[in-house]
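# Inside the fold
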Amino acid sequence: MPHWAAAAWLRPNKQGILMTYAIIGFGKLGQALAKAFARSGIDVSVATTRDPESFAADAAAIGPTVIPTTLAQAIKADIIFLAVRYESHPEVAKALPTWQGKTIVDVTNAYGVLAEELKGRASAAVVARAFTGGKVVKGFNHLGAPVLGQDPAVHGGKRVVFLASDDDGAAAEIAALAEKLGFAPISLGALAKGGLLVQAREKGWGQLILKDLVKFD
Ligand SMILES: NC(=O)c1ccc[n+]([C@@H]2O[C@H](COP(=O)([O-])OP(=O)(O)OC[C@H]3O[C@@H](n4cnc5c(N)ncnc54)[C@H](OP(=O)(O)O)[C@@H]3O)[C@@H](O)[C@H]2O)c1
């Protein structure tokens, strides 16, 4: 096993519990997220539908803590960023019978998806239903990839990311990770409230989408 493969599964959180991270989808947004992990020196596995060899050079160009892997390996992580098209989420969800014990960060934007298809629910609530047993946090999706991929230390403050979840513990866990990645997390509460502020609405957007805010302490 290469040295980085071993290191990827050994990152303790504040409580000393070993936490592992993965990004599923290594396109524009997946790569922007990977840059944040690389900048912070945190190991993260990245996976697509393809053989990891095919995107190993892109991962290496971002940094040595970005580890190309298979989807089967990536889903072993504790915290998983879902950086695929919204339409692809059911396919990824099928990779495990239960996502119990895992936190899924839904960065998808269901742009163009009709309100009837969502049946009045937040798009992240639909994702949460697909990822049976998992805890879902909506977030890191309100900015374009070229902005999200930049160093979040700006103008003497920190770039804001919005988080919404029906699970307070998971929201706190991802807020702590966002801080480690250099962002200023702002909790928006439950998916049915906060989630709607940071999601696509058919061919429009929730009020906080593309609002590039900086927090000063
Ligand atoms: N781009 C942005 O500025 C931006 C901003 C905010 C939010 N978002 C959201 O982020 C998500 C990703 O957007 P993107 O622009 O990064 O898209 P993208 O460049 O098209 O990348 C999509 C990635 O998902 C992978 N993928 C697709 N189906 C998969 C599956 N079943 N299992 C594993 N990987 C799979 C693709 O891998 P293959 O190459 O193997 O198909 C590809 O790496 C979307 O939901 C989008 O709405 C994007």
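Quick look at the structure, then. (Residues numbered from 1 in each chain as written. Predicted model: local features only at pLDDT ≥ 70, side-chain atom pairs only at ≥ 80, totals over all residues. Heavy atoms only, no water.)

### Focus on the pattern of salt bridges
Pairing between side chains of opposite charge can happen when the charged atoms of each approach one another. Under the definition given, this model contains 3 salt bridges. Across the pair R85 and E87 runs a salt bridge whose closest N-O atoms are separated by 3.6 Å. On the basis of relative accessible area, R85 is assigned to the exposed category, the value being 60%. Here E87 falls in the partly exposed class, since its relative accessible area comes to 41%. Note that D106 is salt-bridged to K138, the shortest N-O span being 3.3 Å. Of this pair, D106 sits in strand β7 (residues 103-106) while K138 sits in strand β8 (residues 135-139); the two residues are 32 residues apart in sequence, bridging distant segments of the chain. (Salt bridge = Lys/Arg side-chain N within 4 Å of Asp/Glu carboxyl O. Buried < 20%, exposed > 50% of the residue type's maximum accessible area, 1.4 Å probe, protein only. Helix = DSSP H or I, 4+ residues; strand = E, 2+ residues; numbered from the N terminus.)

### Looking at the side chain of T69
By secondary structure assignment, the location of T69 is in the loop between β5 (66-68) and α4 (71-74). Ignoring any residue separated from it by four or fewer positions in sequence, one finds T69 in contact with S45, V46, A47, P52, F55 and A74. (Contact = heavy atoms within 4.5 Å.)

### Some points on the site of the ligand
In the region of the ligand, 23 residues are neighbours, and F26, L29, T49, V84 and A145 sit closest. Here an oxygen atom of the ligand sits 2.9 Å away from a polar atom, N or O, in the main chain of F26. Here an oxygen atom of the ligand sits 2.7 Å away from a polar atom, N or O, in the main chain of V84. Mapped by element, the contributors of at least two residues to the shell around the ligand are α2 (28-40) and α5 (89-93). The residue makeup of the shell around the ligand, split by class, is 10 nonpolar, 9 polar and 4 charged. (Near = heavy atom within 4 Å. Polar contact = N/O pair within 3.5 Å; in protein donor to acceptor, adjacent residues only side chain to side chain. Nonpolar A, V, L, I, M, F, W, Y, C, P; charged D, E, K, R; others polar.)

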